[in-house]
Amino acid sequence: MIRRSFLAGCLFAAGLASSACDMQAPIDPGNRNFINFETIPTRAVALSPDGSRLFVNNVPDGRLEIFSVTSTGLTPESSVQVGMDPIALAVRNESEVWVVNHLSDSVSIVDVGASPPRVKRTLLVGDEPRDVVFAGTGGTRAFITAARRGQNHPDNTVEETQVPGIGRADVWIFDANDLGSSLGGTPIEILTLFSDKPGALAATPDGSKVFVSVFTSGNGTTTISDVAVCGPNGASRAQQFSNQDDGPCMLINGGRSPGGVPAPNVNQADGARNPKVALIATNDKATGAWNDVLGRDFRDAVPFVFPDNDVFTIDANANPPAQSGVFNSVGTLNFNLVVHPTNGNAYLATIDAVNQNRFVSLPGMGLGPNPDGLGGAPIQADPITGRTLRGHLYESRIAVLRPDGSFVTRHLNKHIDYEAFPTPPGTLERSVANPQGVIFSADGETLFVAALGSNKIVPFDRTALENDTFQPDASTHIQLSGNGGPSDMVLDPSDPNRMFVYKRFDNAVSIVDIAAQSEVASIPLFNPEPAEVQVGRKFFYDATLTSDNGEANCNVCHPAADKDDLAWNLGTPFLGLAANPNDFTAPGGGGGGQFLAQFGSIIFGVSPTIEFNPIKGPMTVLTLRGIKDSGPMFWRGDQTNATDPTDERANFQNFALVFDALNGKTGGISDADFQNFTNWALTLVPPPNPHQPLDGSWTTDQEAGRNIFMGGEGITDVIFTCVDCHSLDRGQGFFGTAGRDSIEGETQFFKVTQLRTVYDKVGMFGHTFGDNGTDRTLGGPRVDVGPQVRATGTLHDGTAAGAEEFLTADVFQLDARQLKQVVDFSYAFPSNVAPVVGQQITLGADSGPDVIARLDLFQQSAADAFVMPGPVQTTECDLVASGVVDGAQRGYLFQPASNNFMDDTGSTLSVAALRSQAQVPGQQVTFTCVYPGGGTRIALDRDLDGTLNGADGANNAPAPTPAPGGNAGGGGAPAPAPAPAPADPLGDLFDAIFGGLGALFGG
């Protein structure tokens, strides 16, 4: 019997998913003409081969903007509607640009030689593609990265979620001269790589080799379950407390656990002992050991191998193209890369996590981890590592990957003394945060780095960078204007001192004079984002605003407001126990009060306190997407406001001290800035689920699993049905939880987590409980599962494998059939928007019946009823279309009631007429299912000024955006915040620290 067999009730209740647990008080549906999926581009800007035109992805507006390049600047030329959240582009030749659409799972092939330019073909690929590059002989092969899942994948990727030992990263390879006649094109190869979420691409100058970076690759750490950590007298199960000097002890599988939870084992404020928790271990590839912070080897509890693949190389000329090499343990989050024009090295922008360190602190108040509990003076560093995580989460780096397979990484901020408080003057100005885009000067001697989190372009001497002889120097940095967010850039071949930069946060193109080290112009693109998105975003990304050292920011752990797939120990040993105001679930799905927690804990052999203990152990990072539906936030709900746990705005306010205690921003940010930050955070929405069929139905097994989940076959876990804990009501915003805590037989209480993103936690098979070799209740023995693409899985600490593994715990009354069906349903769990949202296809003269069938599906989806949180009664999508008809760009919006389309001049035409029009050579029409409420803006009235595009020309040019707050931006002014209480700064600070901070933001 494994440790999790003590769990009483609540399917996945300790947390299979990767987002904050959900509770939704009714919300104002508001203006839905823009939904924020929060996408950061991979490669948003490129020049035509002759340098006469600049192509820019307008990420929030779903368009390719085209400018004429002149000696004096840029002149808007045209604007082409592509897919949702265009994240990358590549120029094939003077007349063709390929655009990768992240949310649409597609690639738009744009004929930029036509007048006006138009989308002539749409390719369909895997889930959330990130980049495209041309390589191979003559540059005729297109390489596109995408996650190995999604409704357009030819393989059954839903079934693969339950199969260990396979790659989760795909490179789709097309012959650009022969795309095939099938629905979304026919790739010559889908190359699967042993990693997860492939990212940026780069090709050697001769096109013979392609480099593929892995976006979130891990860093060689895993989390050892508390089951495999020793307790008093060698006990390793069902003990609430654990000390460093406990053990060694024997694991369930007969192996050896070297000891207990590393000190400190009591907190400074009230001497409360730490609960028995997991710990983070780092893999030593040379010996195979998994060592904790004390150097103790927990390998007997780890039944897998983690190769930590970061960058792959592909032989682009092979038939078919094939993997030719791999670089391991380069970085944790990997962004753009570029190949040197002559030496064959590839240069990767990366950031590397330091989650082996522990604890946050507030040294300004003399508060830091203290090994002596109530005795002795507080110290500012972890007594074991000599460090804390404050201001030192990730390190910005450039990796140099050599043709012989070796590599070096260079810390761009080697001037930072992370343990010096206060931070010495001049530190911030010299720092580089979130290196994202990288390009070389024409002579290859200077590497330019776009620092997304610093709002600047930083040049590095290539030789000094490789030799690590460079010195960080703020005087060489090129500061950009506005909110910035530079993601990538391109050099003007006609003027080596001119650079064009895309700034994501401003949604603008900067023109930079390299010689003068200055931005000479910033050209805004039309931006449909509402003011609360535009104004508040910078406080998430900008390290110069949110840290003292200029490197730390929220985005490093939550890339693009998502997750880094790591566990972090964010305990605060200098604080005392904090109150837990959360409700607990009861049979039937209602609340039961906190007495149930105490009662249940006695029954199941442990007795955690209701209060939050600040020495809480490691927990995995959660996505921020969907926190507006989250109620109590973080794994334990330990930042819940005491008045109304379902008030997400009030809950998020308790997050304020993260800027000081974790990012290292002395004093944090102002209340006004934090209100703007909150406004932005509450706009974040998860993407559609890639495992549910596009028509909104379910496969046979998913439907059966849903029936079991909803109680159709009775009790599934002791006294509960699945839905009793994991509430499912889209209208209320319940996507797997009603925001209550659950009784789990754990040494701490946890929230019931949401399940929208269970599908994104696949990749680690075999948990770290130390029971390898024992039998499961179902499914055969646990075995050494071999190499894995991830080293963290499910549960709050990432120690369990996927849904199938979790559901074999003895508490669940599921036979083999039920087990598979519930797992299938969990991987297709409903999300805020329907699965069809973002999907698109282009109809042309050569289109076959499969394209017509897909269009029929889109029309049905645009008519089918759907409920969004609010509740909002709507349809699954708005169906829009775009194309060039009679020499003019036209937008169309489907009208389900009349079964007609309205165009952007106000005219109406039938479905048959539009389809017939699209099959005239040169008049292809692209149809896209956008989120409900967005159709009018996207198809008919781009600037929402009440005048259709056909009348005011807004459809045709990259018009500038009104200042945030104006209606044309798409949302009006930010949502008002509650009126502040009378000022009491000192009292507020102490209340926040000692009453609300508790164990700090729970993972």
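A quick note: this is a predicted structure, and the numbers were derived from the prediction, not measured.

Describing the overall build of the chain
- If you tally the helices and strands in the chain, you get 19 helices and 49 strands.
- Taking all 1003 residues of the chain together, the buried fraction comes to 65%.
- Expressed as a percentage of contacts within the chain between residues at least 6 apart in sequence, the contacts between residues at least 24 apart total 67%.
- Accessible surface, the chain: about 29800 Å² in total, of which carbon and sulfur atoms supply 52%.

Brief notes about the sheet that holds strand β26 (residues 407–411)
- Read across the sheet, four strands follow the order β23-β24-β25-β26 without closing on themselves; strand pairing throughout is antiparallel. For this open sheet the edge positions go to β23 (333–339) and β26, each flanked by a neighbour on one side alone. Geometrically, the sheet is characterised by an average inter-axis angle of 25° between neighbouring strands, direction not taken into account.
- Alignment of strand β25 (residues 394–401) against β26, held across five bridges, turns out to be antiparallel. Across the sheet, leucine 401 pairs through a bridge with phenylalanine 407, a residue of β26.

Considering the state of the cysteines
- As enumerated under the stated definition, the model contains one disulfide in all.
- Across a sulfur-sulfur distance of 2.1 Å, cysteine 230 and cysteine 249 are joined as a disulfide pair. The chirality of the disulfide connecting cysteine 230 with cysteine 249 is left-handed, given an S-S dihedral of about -95°. In this pair, cysteine 230 sits in the loop between β15 (221–224) and β16 (249–250) while cysteine 249 sits in strand β16, placing the two residues 19 residues apart along the sequence.
- On the basis of relative accessibility, which here comes to 7%, the residue cysteine 249 falls in the buried class.
- Take cysteine 554: it sits in no disulfide, and the sulfur closest to it among the cysteines is that of cysteine 557, at 8.5 Å.
- Accessibility expressed as a relative area gives 7% for cysteine 554, which makes it buried.

Points about the confidence of the model for the chain
- Mean pLDDT over the chain: 87, with 87% of residues reaching 70 or higher.
- With pLDDT under 50 throughout, residues 1–30 is counted as low confidence; its partners more than four residues away or in other chains account for 167 contacts.
- Note that pLDDT drops below 50 for residues 965–1003; the model gives that stretch 92 contacts with residues more than four away or on any other chain.

As for the pairing of strand β33 (residues 508–513)
- Counting buried positions along β33 yields five of six residues, so the element is predominantly enclosed.
- With six bridges joining them, strand β32 (residues 498–503) and β33 adopt antiparallel strand pairing. In the sheet register, arginine 498 faces β33, and the bridge partner there is aspartate 513.
- Once β32 ends, the chain turns through four residues before running back antiparallel as β33, passing asparagine 507 with a positive phi of about 50°.
- Both β33 and strand β34 (residues 518–524) contribute to a ladder of six bridges, which runs antiparallel. The residue bridging aspartate 513 from the neighbouring strand is serine 518, located in β34.
- In this structure, the hairpin formed by β33 and β34 is closed by a connection of four residues, where glutamine 517 is found at a positive phi of approximately 55°.

Observations regarding the pattern of salt bridges
- Applying the stated criterion across every chain, the model contains 44 salt bridges.
- With its nearest N and O atoms 3.6 Å apart, the salt bridge here joins aspartate 760 to arginine 790. Placement of the pair is aspartate 760 in the loop between β40 (750–751) and β41 (786–787) and arginine 790 in the loop between β41 and α13 (803–806), with a sequence separation of 30 residues. Across this residue pair, the class does not change: aspartate 760 and arginine 790 are buried.

Some words on the nonpolar core
- By size, the foremost hydrophobic cluster in this structure holds 64 residues, and its most contacted members are Tyr394, Ile398, Leu447, Trp568, Phe677 and Trp680.
- Each residue touching phenylalanine 677, except ones within four places of it in the same chain, is listed here: Gly536, Phe539, Phe540, Cys554, Phe652, Phe655 and Phe659.
- Phe866, Tyr892, Tyr931 and Leu940 belong to the second largest nonpolar core, which has 42 residues in total.

Things to note about the sheet that holds strand β7 (residues 106–111)
- Pairing within the open sheet is antiparallel, and its four strands lie in the order β5-β6-β7-β8. Both edges of this open sheet fall to β5 (86–93) and β8 (118–124), since each of them pairs with a single strand only. Across this sheet, the average inter-strand angle for adjacent strands is 20°, counted without regard to direction.
- Two strands pair when backbone bridges link them, and strand β6 (residues 96–101) and β7 are joined in this way by six bridges, in the antiparallel orientation. Across the sheet, the residue bridging to valine 97 is valine 110, located in β7.

Let's talk about helix α15 (residues 849–863)
- The end-to-end C-alpha separation of α15 is 21 Å, in line with the 21 Å expected for 15 residues at 1.5 Å each.
- Of all the positions in α15, only Val851, Arg854, Leu855, Leu857, Phe858, Gln859, Ser861 and Ala862 are classed as buried.

Digging into the packing of aromatic side chains
- Applying the stated criterion across every chain yields a total of 27 aromatic pairs.
- Residues phenylalanine 505 and tyrosine 541 carry aromatic rings whose centres are separated by 4.6 Å and whose planes lie at 35° to one another, so their mutual orientation is tilted. Of the two residues, phenylalanine 505 sits in the loop between β32 and β33 while tyrosine 541 sits in helix α5 (residues 538–541), which places them 36 residues apart along the sequence. In this structure, phenylalanine 505 and tyrosine 541 share a single accessibility class: buried.

Here is what the cut-offs are and how they apply
Residues numbered from 1 in each chain as written. Predicted model: local features only at pLDDT ≥ 70, side-chain atom pairs only at ≥ 80, totals over all residues. Heavy atoms only, no water. Helix = DSSP H or I, 4+ residues; strand = E, 2+ residues; numbered from the N terminus. Buried < 20%, exposed > 50% of the residue type's maximum accessible area, 1.4 Å probe, protein only. Contact = heavy atoms within 4.5 Å. Areas by Shrake-Rupley, 256 points an atom, 1.4 Å probe, with all protein chains shown as cover. Pairing = 2+ DSSP bridges. Axes fitted to C-alpha atoms, helices over the stretch in contact; angles between N-to-C directions. Disulfide = S-S within 2.5 Å. pLDDT = per-residue confidence, 0-100. Salt bridge = Lys/Arg side-chain N within 4 Å of Asp/Glu carboxyl O. Core = buried A, V, L, I, M, F, W, Y, C linked by side-chain atoms within 4.5 Å. Expected span 1.5 Å × (residues − 1). Phe/Tyr/Trp six-rings, centres within 6.5 Å; stacked < 30°, edge-to-face > 60°.

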